[in-house]
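Close look at the chain arrangement
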Amino acid sequence: FRFVSFRFVSFREREREMGMLSNDVLDVAEDLAERVAREAGVVIREAFGKKKKATVTKTSDADLVTETDQECERIIVRKIKETFPRHKYIGEEEVSATGVMPALTDEPTWMIDPVDGTTNFVHSFPFVCVSIGLCIGKRPVLGVVYNPILDELFKAREGRGATLNGVHIAVSGTSELKKAVFATEIGTKRDQGTIDSTYGRVSALTQASRAVRMCGSCACNMTSVACGRLDGFYEFGFGGPWDVAAAACIVREAGGQVLDPTGIAFDVMSRRVLSASNRGLGGEMARILNEVSPSPSDPPVPLQN
């Protein structure tokens, strides 16, 4: 007879011992991301109808932050830290306050935009969302994007598909650019060189496509690609990885492509993105964009490994 001892292992200890996240731990992360997104959404929805919203300009009159942004980020980060104290975090309002963008490592890293579409929120334009993404190995593997005004919750996890309010979604079947509806954003820079390049790109793609849209939220645009409302989207120089991490996972799990606007591999830290319903359409968009002179404020093309 041999005595065998057993030791209870919590999911946090199990996570540490494995070095990566098990499916059980990812289940916890997925449920947590949805729960805190909805909790932050309540705060946004309650403040949305108020005529006066306390705002502060960041880099310009086109770049705003509100008390609601800050409150929502505090809620989200606190709840995630309670469950995953060893994980890393990159949050928009914390980076804005410190002026320091943390380096992305292979470790589990949460990327949080508490209110994507702050200017929309200030002006009561309903394309506003909470964006919560989890990266592992520098790759988005989990994403939740919740618009509390429209009550639309997009969610995806690597290898498990994407959903909108619990129903599986897929990108459009559009393969020809002339039949495609694409979106972009003007951004917050107002120097003439940036404006000329921005509208040059819009003009070039508009001539080749069916229509162009702008909703004022990077994550809302990308999730619209994921569910087939849009066929493509691109943007240069958005705020940071928190704008795209969650939505990049959602687009890919819905069957779409996420690239750099040059057509090379996407880098979540680059502040550059192109998403499309398929690789052919994405490549055609990239080709046209590359024919326009770049903006002086374009982030650099990411280095490829």
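1. Regarding the overall build of the protein
- Regarding its fold elements, the protein presents nine helices and 14 strands.
- Taking all 305 residues of the protein together, the buried fraction comes to 52%.
- Contacts in the protein between residues at least 24 apart in sequence constitute 67% of all its contacts with a sequence separation of at least 6.
- When the accessible surface of the protein is split by element, carbon and sulfur atoms take 51% of a total near 14,200 Å².

2. Comments concerning the side chain of Arg-201
- Take Arg-201: it is sitting in helix H6 (residues 192-208).
- Among the residues examined, Arg-201 registers a relative accessible area of 5% and is labelled buried.
- Not counting chain neighbours up to four residues away, the residues in contact with Arg-201 comprise Tyr-234, Phe-236, Leu-289, Val-292, Pro-294, Ser-295 and Asp-298.

3. Quick notes on the nonpolar core
- Ranked by internal contacts, the top residues of the largest apolar core, which has 41 residues, are Ile-169, Met-222, Val-244, Ile-250 and Val-273.
- Breaking this core down by element, the ones donating at least two residues are strand S5 (129-136), strand S7 (152-157), strand S8 (162-164), strand S10 (181-183), helix H7 (218-226) and helix H8 (245-253).
- Other than its neighbours up to four places away in sequence, Ile-250 contacts Gly-143, Val-144, Val-145, Phe-154, Lys-155, Ala-156, Ala-162, Ile-169, Thr-223 and Ala-226.
- In terms of nonpolar packing, the next biggest core, distinct from the first, is built from 34 residues, Ala-33, Ile-80, Trp-110 and Val-130 among them.

4. Structural notes on the packing of aromatic side chains
- The full count for this structure, using the stated rule, is five aromatic pairs.
- The interplanar angle of 70° and the centroid separation of 6.1 Å between the aromatic rings of Tyr-234 and Phe-236 together place this pair among those described as edge-to-face. Like Tyr-234, the residue Phe-236 is buried in the burial classification.
- Feature note: the residues Phe-182, Tyr-234 and Phe-236 constitute an aromatic cluster, connected by ring pairs.
- Taking the ring centre of Tyr-146 as reference, the NZ or CZ of Arg-38 above it sits at 5.2 Å.
- The cationic tip of Arg-201 hangs over the ring face of Phe-236; the distance from NZ or CZ to the ring centre is 3.7 Å.

5. A word on the pattern of salt bridges
- Under the definition given, this model contains 16 salt bridges.
- The residue Lys-155 makes a salt bridge to Glu-30 at a minimum N-O spacing of 3.4 Å. Of this pair, Lys-155 sits in strand S7 while Glu-30 sits in helix H2 (residues 23-48), and the two are 125 residues apart along the sequence. For the pair formed by Lys-155 and Glu-30, the shared burial category is buried.
- Residue Glu-152 is joined to Arg-229 by a salt bridge in which the shortest nitrogen-to-oxygen separation is 2.7 Å. Residue Glu-152 is found in strand S7, and its partner Arg-229 is found in the loop between H7 and strand S12 (232-236); the two are separated by 77 residues along the sequence.
- On the accessibility criterion, Arg-229 (44% relative accessible area) is partly exposed.
- Linked through salt bridges whose partners overlap, the residues forming this network are Asp-27, Glu-30, Glu-34, Arg-38, Lys-155, Arg-157 and Arg-160.

6. Here's the deal with the side chain of Asp-243
- By the secondary structure assignment, Asp-243 is in the loop between S12 and H8.
- Ignoring any residue separated from it by four or fewer positions in sequence, one finds Asp-243 in contact with Asp-113, Asp-116, Cys-218, Ala-219 and Phe-238.

7. Describing the pairing of S12
- Of all five residues that make up S12, five are buried, and the element is covered over most of its length.
- The side-chain alternation of S12 yields two buried faces, one formed by Gly-232, Tyr-234 and Phe-236 and the other by Phe-233 and Glu-235.
- Pairing analysis gives two bridges linking S10 to S12, with the strands arranged parallel. Opposite Phe-182, over in S12, you have Gly-232 as the bridge partner.
- Looking at chain direction, S12 and strand S14 (residues 272-276) are connected through five bridges and run antiparallel. Bridging across to S14, Phe-233 finds its partner in Ser-275.

8. Quick notes on the sheet that holds strand S3 (residues 88-91)
- Pairing is mixed in the open sheet, where seven strands are placed in the order S3-S4-S5-S6-S7-S8-S9. Lying at the two open borders of the sheet, with one neighbouring strand each, are S3 and strand S9 (167-168).
- Sheet topology places strand S4 (residues 109-116) next to S5; six bridges connect them, and they run antiparallel. Paired with Asp-116 across the bridge in S5 is Cys-129.
- Seen against the sheet, H2 touches S4, S5, strand S6 (139-147) and S7 and runs at an angle of roughly 160° to S5.

The rules we used
Residues numbered from 1 in each chain as written. Predicted model: local features only at pLDDT ≥ 70, side-chain atom pairs only at ≥ 80, totals over all residues. Heavy atoms only, no water. Helix = DSSP H or I, 4+ residues; strand = E, 2+ residues; numbered from the N terminus. Buried < 20%, exposed > 50% of the residue type's maximum accessible area, 1.4 Å probe, protein only. Contact = heavy atoms within 4.5 Å. Areas by Shrake-Rupley, 256 points an atom, 1.4 Å probe, with all protein chains shown as cover. Core = buried A, V, L, I, M, F, W, Y, C linked by side-chain atoms within 4.5 Å. Phe/Tyr/Trp six-rings, centres within 6.5 Å; stacked < 30°, edge-to-face > 60°. Lys NZ or Arg CZ within 6 Å of the ring centre and 35° of its normal. Salt bridge = Lys/Arg side-chain N within 4 Å of Asp/Glu carboxyl O. Pairing = 2+ DSSP bridges. Axes fitted to C-alpha atoms, helices over the stretch in contact; angles between N-to-C directions.

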